[in-house]
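For reference, the chains in residue letters:
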Amino acid sequence: MPLASKTLLFRYDIRNVAFVQRICRFLVNNVGSLVTARKISTYLKSQQEQRDQAKG
């Protein structure tokens, strides 16, 4: 779990680890840029579409 610390996940009882990791990855890749809820939403939707296409 390189992006989401186990301590953080256990402390806040986060169950959807993959979701938190995707958000962390987005934030790390956009350091220094303006981050909005819309940009995060667009990123997560694009990730979902990529996963859906990979499944076939």
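See the structure printed just above.
Just so it is clear, the model here is predicted, and its values are computed rather than measured.

A.B. asks: Explain the overall build of the protein to me, and be specific about the residues and the numbers.
C.D. replies: Helix and strand counts for the protein come out as three helices and zero strands. When the helices and strands of the protein are listed from N to C terminus, the series reads α-α-α. Projected onto the principal axes, the alpha-carbon positions of the protein cover approximately 35 × 30 × 20 Å. Residues counted as buried form 18% of the 56 residues belonging to the protein.

A.B. asks: Explain the side chain of Arg22 residue by residue, including any values.
C.D. replies: With respect to the helices, strands and loops of the structure, Arg22 is situated in helix α2 (residues 17-29). Residue class for Arg22 comes out buried when judged on its relative accessible area of 14%. With residues up to four places along the chain from it excluded, the contact list for Arg22 reads Tyr43, Leu44, Gln47 and Arg51.

Criteria and thresholds
- Residues numbered from 1 in each chain as written.
- Predicted model: local features only at pLDDT ≥ 70, side-chain atom pairs only at ≥ 80, totals over all residues.
- Heavy atoms only, no water.
- Helix = DSSP H or I, 4+ residues; strand = E, 2+ residues; numbered from the N terminus.
- Buried < 20%, exposed > 50% of the residue type's maximum accessible area, 1.4 Å probe, protein only.
- Contact = heavy atoms within 4.5 Å.

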